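# Per-entry structural report
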Amino acid sequence: MITTVAFDADHTLVDLLPAVLAGLAAVSAETGVPVEVLRADASAHWAATPELPARDIRIAAMRQSLARHGLQARLDDMVALFFDVRYANSRPYPGVVEMLAKLRSDFQLGYATNANSRAELVGLGGLFSFEIYALQNGVPKKPAAEFFHAVLAAAKADAAEVVYVGDTYAHDVAGAAAVGLRTVWLNHAGDPVPGEIVPDAVVASLDELPALLSRWNAA
(Lines give C-alpha, C1' and ligand atoms only; values in the text may rest on other atoms or scores of the structure.)
Protein backbone atom coordinates (compact mmCIF):
# COMPACT_ATOMS: atom_id res chain seq x y z
CA MET A 1 0.00 0.00 0.00
CA ILE A 2 1.24 3.48 -0.84
CA THR A 3 1.71 5.70 2.20
CA THR A 4 3.98 8.43 0.86
CA VAL A 5 4.22 10.55 -2.28
CA ALA A 6 7.45 12.50 -2.80
CA PHE A 7 7.92 15.13 -5.46
CA ASP A 8 10.68 16.67 -7.48
CA ALA A 9 10.50 20.49 -7.41
CA ASP A 10 11.54 22.40 -10.53
CA HIS A 11 9.42 21.78 -13.63
CA THR A 12 7.31 19.33 -11.60
CA LEU A 13 5.70 21.43 -8.88
CA VAL A 14 7.48 24.73 -9.52
CA ASP A 15 7.16 26.76 -12.72
CA LEU A 16 10.85 27.64 -12.74
CA LEU A 17 11.49 29.14 -16.18
CA PRO A 18 9.54 32.41 -15.79
CA ALA A 19 11.26 33.09 -12.47
CA VAL A 20 14.74 32.44 -13.87
CA LEU A 21 14.05 34.60 -16.91
CA ALA A 22 12.85 37.41 -14.66
CA GLY A 23 16.05 37.17 -12.64
CA LEU A 24 18.23 37.21 -15.73
CA ALA A 25 16.29 40.13 -17.19
CA ALA A 26 16.91 42.11 -14.00
CA VAL A 27 20.65 41.41 -14.20
CA SER A 28 20.68 42.33 -17.88
CA ALA A 29 18.90 45.61 -17.21
CA GLU A 30 21.49 46.53 -14.56
CA THR A 31 24.59 45.48 -16.49
CA GLY A 32 23.80 45.52 -20.19
CA VAL A 33 24.80 41.87 -20.52
CA PRO A 34 22.28 40.32 -22.93
CA VAL A 35 19.92 37.75 -21.47
CA GLU A 36 20.97 35.39 -24.28
CA VAL A 37 24.57 35.51 -23.02
CA LEU A 38 23.51 34.88 -19.43
CA ARG A 39 21.36 31.92 -20.50
CA ALA A 40 24.04 30.42 -22.74
CA ASP A 41 26.71 30.61 -20.05
CA ALA A 42 24.32 29.07 -17.52
CA SER A 43 23.50 26.19 -19.87
CA ALA A 44 27.19 25.54 -20.48
CA HIS A 45 27.98 25.46 -16.77
CA TRP A 46 25.03 23.17 -15.97
CA ALA A 47 26.27 20.77 -18.66
CA ALA A 48 29.90 20.90 -17.53
CA THR A 49 29.44 20.70 -13.75
CA PRO A 50 26.05 19.13 -12.96
CA GLU A 51 27.43 17.67 -9.74
CA LEU A 52 27.86 21.08 -8.09
CA PRO A 53 25.24 22.84 -5.96
CA ALA A 54 22.71 24.66 -8.13
CA ARG A 55 23.54 28.02 -6.56
CA ASP A 56 27.26 27.52 -7.23
CA ILE A 57 26.56 26.70 -10.87
CA ARG A 58 24.50 29.87 -11.24
CA ILE A 59 27.23 31.99 -9.62
CA ALA A 60 30.00 30.50 -11.79
CA ALA A 61 27.96 31.14 -14.93
CA MET A 62 27.21 34.71 -13.94
CA ARG A 63 30.87 35.31 -13.12
CA GLN A 64 31.75 34.25 -16.66
CA SER A 65 29.02 36.38 -18.23
CA LEU A 66 30.04 39.48 -16.32
CA ALA A 67 33.73 38.88 -17.04
CA ARG A 68 32.99 38.96 -20.76
CA HIS A 69 31.96 42.59 -20.25
CA GLY A 70 34.58 43.58 -17.68
CA LEU A 71 32.04 43.64 -14.87
CA GLN A 72 33.50 41.04 -12.50
CA ALA A 73 33.40 43.50 -9.61
CA ARG A 74 29.61 43.52 -9.74
CA LEU A 75 29.27 39.77 -9.23
CA ASP A 76 28.07 39.77 -5.61
CA ASP A 77 25.47 42.45 -6.25
CA MET A 78 24.18 40.76 -9.40
CA VAL A 79 23.97 37.35 -7.73
CA ALA A 80 21.92 38.92 -4.93
CA LEU A 81 19.70 40.68 -7.46
CA PHE A 82 19.18 37.52 -9.49
CA PHE A 83 18.10 35.44 -6.52
CA ASP A 84 15.91 38.18 -5.06
CA VAL A 85 14.00 38.47 -8.33
CA ARG A 86 14.05 34.74 -9.02
CA TYR A 87 12.39 33.93 -5.71
CA ALA A 88 9.99 36.86 -5.88
CA ASN A 89 8.69 35.36 -9.13
CA SER A 90 8.81 31.67 -8.15
CA ARG A 91 5.39 30.05 -8.08
CA PRO A 92 3.92 26.56 -8.19
CA TYR A 93 2.14 25.60 -11.37
CA PRO A 94 -1.59 26.39 -11.40
CA GLY A 95 -3.53 23.71 -9.53
CA VAL A 96 -0.52 22.30 -7.67
CA VAL A 97 -1.52 23.55 -4.22
CA GLU A 98 -5.04 22.20 -4.68
CA MET A 99 -3.70 18.85 -5.90
CA LEU A 100 -1.43 18.57 -2.88
CA ALA A 101 -4.36 19.37 -0.58
CA LYS A 102 -6.29 16.44 -2.07
CA LEU A 103 -3.39 14.07 -1.52
CA ARG A 104 -2.62 15.17 2.04
CA SER A 105 -5.78 13.57 3.37
CA ASP A 106 -4.56 10.14 2.31
CA PHE A 107 -0.78 10.32 1.96
CA GLN A 108 2.33 11.65 3.61
CA LEU A 109 3.90 14.16 1.22
CA GLY A 110 7.60 14.81 0.62
CA TYR A 111 9.57 17.41 -1.31
CA ALA A 112 12.92 16.20 -2.63
CA THR A 113 15.02 18.21 -5.05
CA ASN A 114 18.50 18.58 -6.53
CA ALA A 115 18.18 22.34 -6.91
CA ASN A 116 17.60 25.42 -4.76
CA SER A 117 13.83 25.94 -4.95
CA ARG A 118 13.27 25.78 -1.23
CA ALA A 119 9.62 25.08 -0.52
CA GLU A 120 9.09 28.16 1.65
CA LEU A 121 10.50 30.43 -1.09
CA VAL A 122 8.34 29.15 -3.95
CA GLY A 123 4.87 29.22 -2.42
CA LEU A 124 4.90 25.68 -1.05
CA GLY A 125 5.97 26.18 2.56
CA GLY A 126 4.31 24.03 5.21
CA LEU A 127 2.76 21.57 2.75
CA PHE A 128 5.14 18.64 3.22
CA SER A 129 5.93 16.19 5.99
CA PHE A 130 9.59 16.24 4.98
CA GLU A 131 11.93 18.09 2.65
CA ILE A 132 15.16 16.75 1.13
CA TYR A 133 17.69 19.07 -0.53
CA ALA A 134 20.64 17.52 -2.36
CA LEU A 135 24.14 18.37 -1.14
CA GLN A 136 22.85 19.13 2.34
CA ASN A 137 23.32 16.81 5.32
CA GLY A 138 25.45 14.48 3.22
CA VAL A 139 22.74 13.75 0.65
CA PRO A 140 24.10 13.52 -2.92
CA LYS A 141 22.29 14.66 -6.03
CA LYS A 142 19.84 12.49 -7.95
CA PRO A 143 20.07 9.97 -9.49
CA ALA A 144 22.35 8.65 -6.74
CA ALA A 145 20.78 5.85 -4.75
CA GLU A 146 21.68 7.63 -1.51
CA PHE A 147 19.33 10.49 -2.42
CA PHE A 148 16.39 8.12 -2.55
CA HIS A 149 17.53 6.29 0.56
CA ALA A 150 17.33 9.68 2.29
CA VAL A 151 13.75 10.02 1.03
CA LEU A 152 12.88 6.61 2.48
CA ALA A 153 14.53 7.45 5.79
CA ALA A 154 12.63 10.73 6.05
CA ALA A 155 9.38 8.98 5.14
CA LYS A 156 10.02 6.14 7.59
CA ALA A 157 8.67 3.83 4.90
CA ASP A 158 9.69 0.90 2.76
CA ALA A 159 10.42 1.51 -0.92
CA ALA A 160 7.24 -0.25 -2.04
CA GLU A 161 5.19 2.23 -0.01
CA VAL A 162 6.67 5.33 -1.65
CA VAL A 163 5.93 6.94 -5.01
CA TYR A 164 8.36 9.45 -6.50
CA VAL A 165 6.98 11.97 -9.00
CA GLY A 166 9.17 14.00 -11.33
CA ASP A 167 9.69 15.32 -14.83
CA THR A 168 13.27 14.16 -15.55
CA TYR A 169 13.50 10.55 -16.69
CA ALA A 170 17.14 9.91 -15.75
CA HIS A 171 16.89 11.47 -12.30
CA ASP A 172 13.31 10.95 -11.25
CA VAL A 173 12.38 7.66 -12.90
CA ALA A 174 15.58 5.68 -13.40
CA GLY A 175 17.12 6.88 -10.13
CA ALA A 176 14.07 6.19 -7.98
CA ALA A 177 13.22 2.88 -9.64
CA ALA A 178 16.75 1.58 -9.02
CA VAL A 179 16.05 1.84 -5.28
CA GLY A 180 12.65 0.19 -5.59
CA LEU A 181 10.35 3.19 -5.36
CA ARG A 182 7.30 3.37 -7.57
CA THR A 183 7.67 6.11 -10.17
CA VAL A 184 5.37 8.55 -11.92
CA TRP A 185 6.91 10.37 -14.84
CA LEU A 186 5.43 13.81 -15.48
CA ASN A 187 5.92 13.87 -19.23
CA HIS A 188 4.94 17.37 -20.32
CA ALA A 189 5.82 16.85 -23.96
CA GLY A 190 4.53 13.33 -24.51
CA ASP A 191 8.02 12.00 -25.26
CA PRO A 192 8.67 8.25 -25.62
CA VAL A 193 10.33 6.53 -22.68
CA PRO A 194 14.04 7.05 -23.43
CA GLY A 195 15.48 4.08 -21.57
CA GLU A 196 14.92 0.49 -20.50
CA ILE A 197 13.35 1.36 -17.15
CA VAL A 198 9.62 1.85 -17.61
CA PRO A 199 7.84 4.23 -15.21
CA ASP A 200 5.00 2.75 -13.20
CA ALA A 201 2.85 5.50 -14.69
CA VAL A 202 3.22 8.39 -17.12
CA VAL A 203 1.03 11.48 -16.74
CA ALA A 204 0.75 14.63 -18.80
CA SER A 205 -0.58 16.62 -15.84
CA LEU A 206 -0.42 16.34 -12.07
CA ASP A 207 -4.19 16.65 -12.09
CA GLU A 208 -4.18 12.93 -12.96
CA LEU A 209 -2.28 11.98 -9.82
CA PRO A 210 -4.99 11.73 -7.11
CA ALA A 211 -7.14 9.34 -9.16
CA LEU A 212 -4.10 7.31 -10.20
CA LEU A 213 -2.91 6.81 -6.62
CA SER A 214 -6.41 5.93 -5.46
CA ARG A 215 -6.61 3.23 -8.13
CA TRP A 216 -3.25 1.81 -7.11
CA ASN A 217 -4.22 1.58 -3.44
CA ALA A 218 -7.59 0.08 -4.30
CA ALA A 219 -6.04 -2.64 -6.49
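Above this note sits the structure.
Since this is a predicted model, take the numbers as computed values, not measurements.

## A word on the pattern of salt bridges
Summed over the entire model, instances satisfying the criterion amount to five salt bridges. Of the charged contacts, one joins Arg74 and Glu30 as a salt bridge, the two residues approaching to 3.6 Å between their closest N and O atoms. Pair noted here: Arg74 is in the loop between α3 (54–68) and α4 (75–88) and Glu30 is in helix α1 (residues 16–31), with a separation of 44 residues, a long-range link. Among the ionic pairs, Arg68 bridges to Asp41, the shortest N-O distance being 2.7 Å. A residue pair is termed long-range when its members are at least 10 positions apart, and Arg68 in helix α3 and Asp41 in helix α2 (residues 35–48) qualify at 27 residues. Overlapping salt bridges bring together Asp8, Lys142 and Asp172 as one network.

## Overview of the packing of aromatic side chains
By convention here, two paired aromatic rings are described through the distance between centres and the angle between planes. Counting across every chain of the model gives seven aromatic pairs. Aromatic side chains Phe82 and Phe83 sit 5.0 Å apart centroid to centroid with 80 degrees between the ring planes, which places their arrangement in the edge-to-face category. Both residues of the pair, Phe82 and Phe83, count as buried. Arranged with centres 5.2 Å apart and planes meeting at 70 degrees, the rings of Phe147 and Phe148 form a pair that is edge-to-face. Considered together, Phe147 and Phe148 belong to a single accessibility category, that of buried residues. Among the aromatic residues, ring-to-ring pairing joins Phe82, Phe83 and Tyr87 into one connected group. For Arg182, the ring lying beneath its charged end belongs to Trp216, and the centroid distance is 5.2 Å.

About the criteria used
Residues numbered from 1 in each chain as written. Predicted model: local features only at pLDDT ≥ 70, side-chain atom pairs only at ≥ 80, totals over all residues. Heavy atoms only, no water. Salt bridge = Lys/Arg side-chain N within 4 Å of Asp/Glu carboxyl O. Helix = DSSP H or I, 4+ residues; strand = E, 2+ residues; numbered from the N terminus. Phe/Tyr/Trp six-rings, centres within 6.5 Å; stacked < 30°, edge-to-face > 60°. Buried < 20%, exposed > 50% of the residue type's maximum accessible area, 1.4 Å probe, protein only. Lys NZ or Arg CZ within 6 Å of the ring centre and 35° of its normal.

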